[in-house]
Amino acid sequence: MLDAKFYDTLSRMRLQVNHKSSLNMSGSRKSIHKGISAEFSDFREYMPGDDLRRMDWNVYARLDKLYIREYMEEKEAVVSVLIDTSASMEYGEESKAELAKDLASIVGFLALNNMDRLVLYDMKDMGRGLSVSGGRSGFAKVWKWLSKLEFAGETDMLAAVKKMSYKGPGVTAVISDFWHPDMFGDDAETRPGNFGKMLQYLEYCKQRPVILHTLAAEELHVTLEGTLNLIDSETGSKLRLTMDDRTVDGYEKELHRLIGRMKKGCSAGRGAYILCDAGKDRNQLAFQDLRVIYDI
């Protein structure tokens, strides 16, 4: 579990949000609506019923016309976090499941610390997400919810994304190992697979996608040797494989190819891709690898 010193350092950062918020709750993001905050936006001609306290008398003295001063209104953004709770996430001496919960807590803390609304989703149970707002005081609810997550079975990631409740522009973080059969097609452009379709859908919904690609150290640096019976933790299917240099080299090349496709897809959609190693020190992961998603 991450300690108080960790979150104190994290409190100096905030998530990047590409789109202005359009919600009707107060927060710390600039809205597309006009309000009465301290930041000046524009002038417009006076209309009956306008607040006379916002009249600009200097402009009236110069132009002999009544103009109202408008200001940018502060609104909260919505930060959604989708967690892949399939069985494959339990893999690793330092499991991907534990890292997924730490990553969700990091994103969740950033959202609440900046007075944004946070919505957490278990991809296997999209109908019962946790919605939290009101600042850091709600963070205890986040850890309680995360501690109850169970990682088992399979998930349909594309279907899960489409079941989200979108209430305007915001950030959507997807935490997964992305080890799903339909995730990647033969070609990133003509047959993109569900990963490409997911990014397209998030862009359509005016979401900034943050892809937190969670892998175990054993998946990034294969040390298995000999002839092994590999069992899929989700489907139970078996594969007998000899882990020689050729096999390991082929796996690593394919993994790097997929990572390249994921990075390219995120860049095209104005999103962010971060490869997250479950075996890496959490401070290094949070304050170095994840810096790309922060406004510091």
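This structure is a prediction, so every number in the text was calculated from the model and none was measured.

J.: Would you take a moment to explain the layout of surface pockets for this structure?
T.: Take a probe with the size of a water molecule and roll it over the atoms, and the empty space left behind shows itself. Looking at the largest pocket, its volume works out to about 1,200 Å³. Lining the largest pocket are 33 residues, with Trp-179, Glu-219, Leu-230, Asp-232 and Tyr-251 sitting closest to its centre. Listing elements by their share of the lining of the largest pocket, those giving two or more residues are α7 (217-220), β9 (226-231), β10 (238-243) and α8 (245-268). Top contributing element to the lining of the largest pocket by residue count: α8, with five residues. Broken down by class, the residue content of the lining of the largest pocket amounts to 16 nonpolar, seven polar and 10 charged.

J.: Which parts of the structure should I look at to understand the nonpolar core?
T.: Most often, soluble globular proteins keep nonpolar side chains buried together rather than apart. With 47 residues, the main nonpolar core has Leu-10, Val-81, Ile-83, Ile-106, Leu-212 and Tyr-294 as its most contacted residues. Ranked by residue count, the leading element in this core is helix α3 (residues 96-113), at 11 residues. Beyond its immediate sequence surroundings of up to four residues, Ile-106 is in contact with Leu-2, Phe-6, Leu-10, Ala-286, Leu-290 and Tyr-294. Of all hydrophobic cores here, the second largest spans 28 residues; its members include Val-119, Val-174, Phe-184 and Ile-259.

J.: Sorry, what's going on with α3 here?
T.: Because an α-helix packs 3.6 residues into every turn, residues spaced three or four apart end up facing the same way. Relative to the 26 Å expected for 18 residues at 1.5 Å per residue, α3 spans 25 Å between its end C-alpha atoms, a close match to the ideal helical length. α3 sits mainly inside the fold: 17 of its 18 residues count as buried. The first or second residue beyond α3 is Met-115, which carries a positive phi of 60°.

J.: When you look at the confidence of the model for the protein in this model, what are you seeing that I'm missing?
T.: When pLDDT is low, close inspection of the predicted coordinates is not appropriate. Confidence in the prediction for the protein averages 85 pLDDT; 84% of positions are at 70 or higher. Overall, residues 20-27 carries pLDDT values under 50, and its contacts beyond four positions in sequence, including any with other chains, amount to 37 contacts. Taken as a whole, residues 29-36 scores under 50 in pLDDT and shows 39 contacts with residues more than four places along the chain or in a different chain.

J.: Is there a simple way to think about the packing of aromatic side chains in this case?
T.: Any pair of aromatic rings gets described here by the distance separating the centres and the angle formed by the planes. Considering all chains together, one arrives at nine aromatic pairs under this definition. For the ring pair Phe-6 and Phe-287, a centre distance of 5.1 Å and an interplane angle of 45° mean the geometry is tilted. Placement of Phe-6 in helix α1 (residues 4-10) and of Phe-287 in helix α9 (residues 282-287) is noted, with a sequence separation of 281 residues between them. Residue classification places Phe-6 among the buried residues on the basis of a relative accessible area of 4%. Relative to Phe-139, the ring of Tyr-7 has its centre 5.1 Å away and its plane inclined at 65°; by these criteria the two rings are edge-to-face. Taken together, the residues span a long stretch of sequence, with Tyr-7 in helix α1 and Phe-139 in helix α4 (residues 139-147) at a distance of 132 residues. According to the relative accessible area criterion, Phe-139 is buried, its value standing at 11%.

J.: Just checking my understanding: could you explain empty space enclosed by the protein for this structure?
T.: Applying the stated criterion across every chain yields a total of two cavities of 30 Å³ or more. When its volume is computed, the largest cavity comes out at roughly 40 Å³. Lining the largest cavity are Val-78, Ser-80, Ser-165, Tyr-166, Lys-167, Gly-168 and Gln-207. Taken together, the residues of the lining of the largest cavity sort by class into two nonpolar, four polar and one charged. In this structure, the second largest cavity encloses a volume near 30 Å³.

J.: Please clarify how the pattern of salt bridges should be interpreted in this entry.
T.: Applying the stated criterion across every chain yields a total of nine salt bridges. One salt bridge in this structure joins Glu-254 and Arg-257, with 2.7 Å as the shortest N-O distance. Of this pair, Glu-254 and Arg-257 are both found in helix α8, three residues apart, which corresponds to roughly one turn of the helix. According to the relative accessible area criterion, Glu-254 is partly exposed, its value standing at 37%. What makes Arg-257 partly exposed here is its relative accessible area of 40%. Residue Asp-289 pairs with Lys-280 through a salt bridge whose shortest N-O separation is 2.9 Å.

Here is what the cut-offs are and how they apply
Residues numbered from 1 in each chain as written. Predicted model: local features only at pLDDT ≥ 70, side-chain atom pairs only at ≥ 80, totals over all residues. Heavy atoms only, no water. 1 Å grid on protein atoms, 1.4 Å probe; cavity = no way out; pocket = protein on both sides within 12 Å on 5 of 7 lines; lining within 4 Å. Points joined across faces, edges and corners; volume = space filled by probe spheres on them. Helix = DSSP H or I, 4+ residues; strand = E, 2+ residues; numbered from the N terminus. Nonpolar A, V, L, I, M, F, W, Y, C, P; charged D, E, K, R; others polar. Core = buried A, V, L, I, M, F, W, Y, C linked by side-chain atoms within 4.5 Å. Buried < 20%, exposed > 50% of the residue type's maximum accessible area, 1.4 Å probe, protein only. Contact = heavy atoms within 4.5 Å. Expected span 1.5 Å × (residues − 1). pLDDT = per-residue confidence, 0-100. Phe/Tyr/Trp six-rings, centres within 6.5 Å; stacked < 30°, edge-to-face > 60°. Salt bridge = Lys/Arg side-chain N within 4 Å of Asp/Glu carboxyl O.

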